[in-house]
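Architecture at a glance
What follows is the residue order along each chain.
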Amino acid sequence: GEDVEQSLFLSVREGDSSVINCTYTDSSSTYLYWYKQEPGAGLQLLTYIFSNMDMKQDQRLTVLLNKKDKHLSLRIADTQTGDSAIYFCAERRGSTLGRLYFGRGTQLTVWP
Amino acid sequence: DTGVSQNPRHKITKRGQNVTFRCDPISEHNRLYWYRQTLGQGPEFLTYFQNEAQLEKSRLLSDRFSAERPKGSFSTLEIQRTEQGDSAMYLCASSHYGGGDNSPLHFGNGTRLTVT
């Protein structure tokens, strides 16, 4: 299909790990990104991974990439209430190197 | 680095009026992008510039929409004869492209347009 797909909602308890999943569309995608959006704000770049990597870790964030299945995940360790936000997965497709294609976002709610 | 700046933050206008938004990118970034985001959706690409050249336009960008980046720095997005369906958050982003490599997009806080 044409769409980047994400589950719409995820709820976790404070201190647990969160895993947000994404399925992208283009096997020639060069970079894959995770952005965070808080209410009324723009998108904040969290992390990104080049397509020749299968894992990237950045403090509490771990990105896993499965190119065969075109599956991307973001793991947030020790999730805090301040992590509550919408998380967007985006791909940069090989054929259109300028734009990014976004999923609909996953609303993460962290309960104290 | 002051980030991507967008003005105004909010705009309320009556149907049929024209509106213009401004975006100031990160100063060393040569690419500038416009996206539109409606409630419950991810950002949808509208157009992007490299320096002053508009390199790509989405079919979402009807003839009522025009974007400019005359000096390769700030950009404006104008919507003529606004319709209620134009109500959305308009997001601007910038990146640096050079040597075949494109840095990640950095977004501003957006301009929320409400058409009544």
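Let me sum up the structure you'll find in this document. (Residues numbered from 1 in each chain as written. Chains lettered and ligands numbered in written order. Predicted model: local features only at pLDDT ≥ 70, side-chain atom pairs only at ≥ 80, totals over all residues. Heavy atoms only, no water.)

It is worth spelling out the overall build of chain A at this point. Per the secondary structure count, chain A includes zero helices and eleven strands. Mapped in sequence order, the helices and strands of chain A form the string β-β-β-β-β-β-β-β-β-β-β. Taken against the 2.2 N^0.38 rule, which gives 13 Å for 112 residues, the C-alpha radius of gyration of chain A at 13 Å falls within 12% of a compact globule. In terms of overall dimensions, chain A has a C-alpha envelope of 45 × 30 × 20 Å along the principal axes. Out of the 112 residues belonging to chain A, those deemed buried represent 46%. Within chain A, contacts between residues at least 6 apart in sequence are counted, and of these 56% link residues at least 24 apart. Carbon together with sulfur atoms contributes 49% to the accessible area of chain A, which is approximately 5500 Å² in total. Here chain A contributes 12 positive and 13 negative side-chain charges, whose respective centroids are spaced 3 Å apart. (Helix = DSSP H or I, 4+ residues; strand = E, 2+ residues; numbered from the N terminus. Rg over C-alpha atoms; globule rule 2.2 N^0.38 Å. Buried < 20%, exposed > 50% of the residue type's maximum accessible area, 1.4 Å probe, protein only. Contact = heavy atoms within 4.5 Å. Areas by Shrake-Rupley, 256 points an atom, 1.4 Å probe, with all protein chains shown as cover. Lys, Arg positive; Asp, Glu negative; His and termini not counted. Charge placed at Lys NZ, Arg CZ, Asp CG, Glu CD.)

Attention now goes to the pairing of strand β4 (residues 31–37) of chain B. Taken residue by residue, a regular strand's side chains alternate between the two faces of the sheet. All names here are of chain B. Of all seven residues making up β4, seven are buried, and the element is well covered by its neighbours. Alternating residues of β4 divide into R31, Y33, Y35 and Q37 and L32, W34 and R36, and every residue in both groups is buried. In the sheet, β4 pairs with strand β5 (residues 44–50) via six bridges, with the strands oriented antiparallel. Directly across from Y35, in β5, lies its bridge partner F45. Between the end of β4 and the start of β5, which pair antiparallel, lie six residues, with G40 showing a positive phi angle near 80°. The sheet contact formed by β4 and strand β9 (residues 88–95) spans seven bridges and is antiparallel. Bridging across to β9, Y33 finds its partner in A93. (Pairing = 2+ DSSP bridges.)

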